[in-house]
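# A structural walkthrough
Residues per chain are reported as follows:
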Amino acid sequence: MKLYAVNAGHFKLDGGAMFGVVPKSLWHKANPADENNMCSWALRCMLVEHGERRILIDCGMGDKQDEKFFSHYYLHGEDSLERNLSKHGLGYEDITDVFLTHLHFDHCGGAVKRTSDGALVPAFPNAKYWTNRAHWDSATHPNAREKASFLKENILPLQEHGVLHFVDAADGEEWLPGFRIRIVNGHTDSMMLPLLTVGAKTLLYCADLLPSMHHIPLPWVMAYDMRPLQTLQEKEPILREAATNGWTLFFEHDPRIECATLVQTEKGIRVDRQLTLAEWSA
Ligand SMILES: [Zn+2]
């Protein structure tokens, strides 16, 4: 199994919403905001070569919504999924599986594209798309607070085209050899975190449990989470397990840092070393 970071671009979200109860005087040093209080975040996906399969974990926000939608999210920078897949000699048709940690638009928007005649079709024409039943049920019957994150046009076409599949691995179980799943419920119902083992090394794809390196200290929890106290309860044992077992963390939204290792300090678990996924793999 080989792992590669594939950045689908950068966007902006409100700094206060991203850092929850943490005051701006602290988070502003971690990720400086612009004049509208917006901070830049990555849409960092991962390409997993697993035997004959080329699995993409999450796929960014895509480009099918209208100008008004994108005016809220300020896509910027040179990175795009297409450009960064092509660096690996791959096009959308080469992806065999799209594994969706959860169905918020910034993780699955790229899964469905709009054709020139306006039809919504799977963007990766040869791929199976993976979610799980509990999350699917929640995403297709959203509460009023989460509704703006679950956009019908990102997810229903996958079902309509018959390419949607449910991962049936329970928390801690293997989906594929070396590809285990951890399930957490604080950010949203039944979000899946891939726990990937290559040789003697293990890496956790943190999705929105820890969107950036700066979300490692326990109280740094996003205001976007449906159940912030549950996130708190889920972070603590996972960070302890990661620190004890020497796992590396992979951050989907950190604007600069791809990966970090952990160390136990008297203040709690903190970053030991920052690294790229290529350095981790070498
Ligand atoms: Zn996200």
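This report concerns the structure included in the present document.

The rules we used
Residues numbered from 1 in each chain as written. Predicted model: local features only at pLDDT ≥ 70, side-chain atom pairs only at ≥ 80, totals over all residues. Heavy atoms only, no water. Helix = DSSP H or I, 4+ residues; strand = E, 2+ residues; numbered from the N terminus. Rg over C-alpha atoms; globule rule 2.2 N^0.38 Å. Buried < 20%, exposed > 50% of the residue type's maximum accessible area, 1.4 Å probe, protein only. Contact = heavy atoms within 4.5 Å. Areas by Shrake-Rupley, 256 points an atom, 1.4 Å probe, with all protein chains shown as cover. Lys, Arg positive; Asp, Glu negative; His and termini not counted. Charge placed at Lys NZ, Arg CZ, Asp CG, Glu CD. Pairing = 2+ DSSP bridges. Axes fitted to C-alpha atoms, helices over the stretch in contact; angles between N-to-C directions. Donors = N, O, S within 2.8 Å, 3.2 Å for Na, K, Ca; no water. Arc of directions from axis to C-beta.

## Points about the overall build of the protein
Across its full length, the protein holds nine helices and 15 strands. Scaling as 2.2 N^0.38, a compact globule of 282 residues should have a C-alpha radius of gyration of about 19 Å, and the protein matches this with 18 Å. For the protein, the C-alpha atoms occupy an extent of roughly 60 × 45 × 35 Å along the three principal directions. Residues classed as buried in the protein amount to 53% of the 282 residues present. Sequence-distant contacts in the protein: of pairs separated by 6 or more residues, those separated by 24 or more amount to 66%. Working note: accessible area of the protein is about 12500 Å², and carbon and sulfur atoms make up 51% of it. With 28 positive and 37 negative side-chain charges, the protein shows a spacing of 3 Å between the two charge centroids.

## Things to note about the sheet that holds strand 4 (residues 97-99)
Read across the sheet, six strands follow the order 1-2-3-4-7-8 without closing on themselves; strand pairing throughout is mixed. Both outer strands of the open sheet, strand 1 (2-14) and strand 8 (164-166), are each paired with one neighbouring strand and no more. Put simply, the sheet's adjacent strands are angled 25° from each other on average, direction ignored. Sheet topology note: the strand 3 (residues 53-57)/strand 4 ladder contains three bridges and is parallel. Paired with L56 across the bridge in strand 4 is V98.

## Quick look at the environment of L13
Among the secondary structure elements, L13 is positioned in strand 1. Placed 28 residues apart in sequence, L13 and W41 show a C-alpha to C-alpha distance of 7.3 Å.

## A look at the pairing of strand 7 (residues 128-131)
In terms of strand pairing, strand 4 meets strand 7 through three bridges, oriented parallel. Its bridge partner lying in strand 7, F99 is registered against W130. Bridge count between strand 7 and strand 8: three bridges; the pairing is parallel. Across the sheet, the residue bridging to W130 is H165, located in strand 8.

## Quick notes on the coordination of the zinc ion
Every protein donor of the zinc ion is listed here as D106 (OD), H107 (NE2), D208 (OD) and H253 (NE2), and their distances to the metal cover 1.9 to 2.3 Å. Donor residues binding the zinc ion come from one chain and are separated in sequence as D-H-x100-D-x44-H. Its relative accessible area of 0% is what places H107 among the buried residues.

## Some remarks on unusual backbone geometry
In this structure, S190 takes a positive phi of about 55° despite not being glycine. If you trace the backbone, S190 turns up in the loop between strand 10 (179-184) and strand 11 (191-198). Of note in this structure, A207 is not a glycine but carries a positive phi near 45°. Mapped onto the elements, A207 comes out in the loop between strand 12 (201-205) and helix 8 (228-245).

## What about helix 7 (residues 152-160)?
Among all positions in helix 7, only N154, I155, P157 and L158 are buried. The buried residues of helix 7 occupy one face: seen down the axis, they fall within an arc of 165°. Exposed and oriented more than 90 degrees from the buried face of helix 7 are K152 and E160. Buried residues in helix 7 make contact with helix 5 (105-108), strand 5 (112-114), strand 6 (120-122), strand 7, helix 6 (133-140) and strand 8. Downstream of helix 7 by one or two residues, G162 has phi in the positive range, about 70°.

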